[in-house]
Amino acid sequence: MEEQEIPGSRTEIRVRYAETDQMGHAHHMNYLAWFELGRTELMRVNGLSYAELERNGVLLPVARAELSYRKGAGYDERVEIRTRVTEVRSRSVTFGYEAIRADDGMRLASGSTTLVSTDSDLRPRRMPDAAIRILENLCADSIS
């Protein structure tokens, strides 16, 4: 069975000079920011806007982040962030990521984040049913 591309599951960035360290590679802290970009884009293009959730009193703070590095990305290199939903619960969602050098397909880093659904006082709360449905569909699509 052929794997279907999920809209927004691939987000390309270009390493900016300000993102590099003294060794000429993208500083490790940038990968989490790139993963966030991939996550928000995946959600947005699939009908689930962070901004809309927040306007409705639902926040999704990161409760856990994992990151493994393999190779460095240099200034002006194109990096593709591949994002997928790996687990959905009523009060949390986990995303998985890969950072791939676009020119040669080399995996640079991989990781995951788990976000917890809270109210504006940061008390855990159930995500809206519509959000859960979208995330579950993304999770099912990324498994097939």
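The numbering scheme is per chain: residues are counted from 1 as the chain's sequence reads. Per-residue local features of the predicted model are confined to residues with pLDDT of at least 70, and side-chain atom pairs are confined, for both listing and counting, to 80 or more; whole-chain, interface and lining totals are unaffected and use all residues. As a convention, hydrogens and water are excluded, and side-chain values are obtained from all of the structure's heavy atoms.

## Some remarks on the overall build of the protein
- In DSSP terms, a helix is any run of H or I states spanning at least four residues, a strand is any run of E spanning at least two, and both are numbered starting from the N terminus. Each helix and strand counted, the protein has three helices and five strands in total.
- Of the regular secondary structure in the protein, the N- to C-terminal order runs β-α-α-β-β-β-β-α.
- A globule of 144 residues ought to have a C-alpha radius of gyration of about 15 Å, and the protein, at 16 Å, matches this closely.
- Taking the principal axes of its C-alpha atoms as reference, the protein extends roughly 45 × 40 × 20 Å.
- Relative accessibility decides the category of a residue: with a 1.4 Å probe and only protein chains considered, values under 20% of the type maximum give buried, values over 50% give exposed, and everything between is partly exposed. Sorting the 144 residues of the protein into buried and exposed places 38% on the buried side.
- Two residues qualify as a contact provided that any one of their heavy atoms is within 4.5 Å of a heavy atom in the partner residue. Look at the contacts in the protein between residues 6 or more apart in sequence, and 67% of them connect residues 24 or more apart.
- Only the protein chains shown count as covering a residue, and every accessible area follows the Shrake-Rupley method with a 1.4 Å probe. As displayed, the protein offers around 8400 Å² of accessible surface, 46% of which is attributable to carbon and sulfur atoms. Our radius of gyration looks at C-alpha atoms and nothing else; its globule reference is 2.2 Å times the residue count to the power 0.38.

## Here's the deal with the packing of aromatic side chains
- Ring pairs shown here join Phe, Tyr and Trp side chains whose ring centres sit within 6.5 Å, with only the six-membered ring taken for Trp; geometry is labelled stacked below 30 degrees between planes, edge-to-face above 60, and tilted in between. Taken as a whole and judged by the stated rule, the model has four aromatic pairs.
- Seen from their ring centres, Y17 and Y75 are 5.5 Å apart, and the 90 degrees between their planes marks the pair as edge-to-face. Of this pair, Y17 sits in the loop between β1 (10-14) and α1 (29-45) while Y75 sits in the loop between β2 (62-69) and β3 (78-89); the two residues are 58 residues apart in sequence, bridging distant segments of the chain.
- Accessibility expressed as a relative area gives 49% for Y75, which makes it partly exposed.
- Look at F35 and Y97: their rings are 4.4 Å apart centre to centre, the planes differ by 5 degrees, and that puts the pair in the stacked class. Taken together, the residues span a long stretch of sequence, with F35 in helix α1 and Y97 in strand β4 (residues 92-101) at a distance of 62 residues.
- Taking the relative accessible area as the measure of exposure, F35 reaches 0% and is therefore buried.
- Of the aromatic side chains, those joined through ring pairs into one cluster are Y31, W34 and Y69.

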